[in-house]
Amino acid sequence: MAKRTILAPVLILLGVYLILNQGGSLGPGTIFATFWPTLFVIPLGLFFHWLYFSMIGRGIGLLVPGGILLTAGIVSQIAMLFGNWSTMWPGFILAVAVGLFELYWFGGRNKWLLIPINILTVISLLFFSVMSIGTMLNSLSFIQPFVAIVLIMGGAWIIVGRKKRM
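Looking at an unreviewed UniProt entry, the protein carries the name DUF5668 domain-containing protein, with the source organism given as Paenibacillus pabuli.

Here it is as structure tokens:
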């Protein structure tokens, strides 16, 4: 059972990598450089979670680093696979919010923990949306002259339209 649990995600990730990296080189160094979050960071986060849940409620402090490492590992792996670090960096802010949320959820439900959790989550989502919009606009840079013409015409129409009404 344990072999299947470990082997299945490894094979899936390797298959996804081969699909995304068609024609690229494939060697131990390339695999290590691409899957370092899956090899080191995510298992460490899962290890902290396993420690907490195997101790049946003791060691509540294990959830904060466990949640941070697990979320940071997932964010890093997505960024490594798709090469989008410039868009994914707010995930590290969200990682702290996830760690604190686990402390809140499995701990004593201290309502004061919700303040930093909500602040960090909102900041992370705000940065995610700003970075995503920026990336999307950069990919549409070929239509920039058309957007500029539309904006100029819109501004001119507003100015001319006001003069006629007065």
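(A) Structural detail: the overall build of the protein. Within the protein one finds 7 helices and 0 strands. Starting at the N terminus and walking to the C terminus, you meet the elements of the protein as α-α-α-α-α-α-α. Against the 2.2 N^0.38 benchmark of 15 Å for 166 residues, the protein shows a C-alpha radius of gyration of 23 Å, more extended than a compact globule. Taken along its principal axes, the extent of the C-alpha atoms in the protein is 75 × 50 × 20 Å. Within the protein, contacts between residues at least 6 apart in sequence are counted, and of these 56% link residues at least 24 apart. A total accessible area of about 11,500 Å² is found for the protein, and carbon and sulfur atoms account for 77% of it.

(B) Quick look at unusual backbone geometry. Even without being a glycine, arginine 109 presents a positive backbone phi close to 55°. Tracing the backbone through its elements, the reader meets arginine 109 in the loop between helix 5 (90–106) and helix 6 (114–139). The partly exposed category is assigned to arginine 109, whose relative accessible area is 42%.

(C) Structural detail: the UniProt feature "transmembrane region" (unreviewed entry) in the protein. According to UniProt, the positions carrying the feature "transmembrane region" (unreviewed entry) are residues 31–53, 60–82, 88–106, 113–136 and 142–160. Note that residues 31–53 is 100% helix and 0% strand, and that its end C-alpha atoms are spaced 31 Å apart.

(D) A look at the nonpolar core. Core analysis: the biggest nonpolar cluster contains 5 residues, these being Phe48, Leu51, Tyr52, Leu62 and Leu63. The dominant element in this core, judged by the number of residues it contributes, is helix 2 (residues 28–54), at 3 residues.

(E) Molecular detail of the packing of helix 2 against helix 3 (residues 63–82). Taken N-terminus to C-terminus, the directions of helix 2 and helix 3 make an angle of 160°; their axes are 8 Å apart at the nearest point. Taken as axis vectors, helix 2 and helix 3 run roughly antiparallel relative to one another. Handedness of the crossing formed by helix 2 with helix 3: left-handed. Partitioned by chemical class, the residues of the contact of helix 2 with helix 3 number 17 nonpolar, 9 polar and no charged.

(F) Looking closely at a nonpolar patch on the surface. A cluster of nonpolar side chains, contributed by Trp85, Trp89, Phe92, Trp112, Ile115, Ile119, Ile123 and Phe127, occupies part of the molecular surface with about 760 Å² of accessible area. Considering every element that reaches the nonpolar patch, the biggest residue donor is helix 6, with 4 residues. Among the structural elements, isoleucine 119 can be located in helix 6. The class of isoleucine 119 is partly exposed, set by a relative accessible area of 46%.

Procedures and definitions
Residues numbered from 1 in each chain as written. Predicted model: local features only at pLDDT ≥ 70, side-chain atom pairs only at ≥ 80, totals over all residues. Heavy atoms only, no water. Helix = DSSP H or I, 4+ residues; strand = E, 2+ residues; numbered from the N terminus. Rg over C-alpha atoms; globule rule 2.2 N^0.38 Å. Contact = heavy atoms within 4.5 Å. Areas by Shrake-Rupley, 256 points an atom, 1.4 Å probe, with all protein chains shown as cover. Buried < 20%, exposed > 50% of the residue type's maximum accessible area, 1.4 Å probe, protein only. UniProt positions renumbered as here; feature names shortened; annotations may be inferred. Core = buried A, V, L, I, M, F, W, Y, C linked by side-chain atoms within 4.5 Å. Axes fitted to C-alpha atoms, helices over the stretch in contact; angles between N-to-C directions. Parallel < 35°, antiparallel > 145°, perpendicular 65-115°, else oblique. Left-handed = near helix turned anticlockwise from the far one by under 90°. Nonpolar A, V, L, I, M, F, W, Y, C, P; charged D, E, K, R; others polar. Patch = residues over 30% accessible without salt bridge, like charges linked within 9 Å, V, L, I, M, F, W, Y side chains within 5 Å. Salt bridge = Lys/Arg side-chain N within 4 Å of Asp/Glu carboxyl O.

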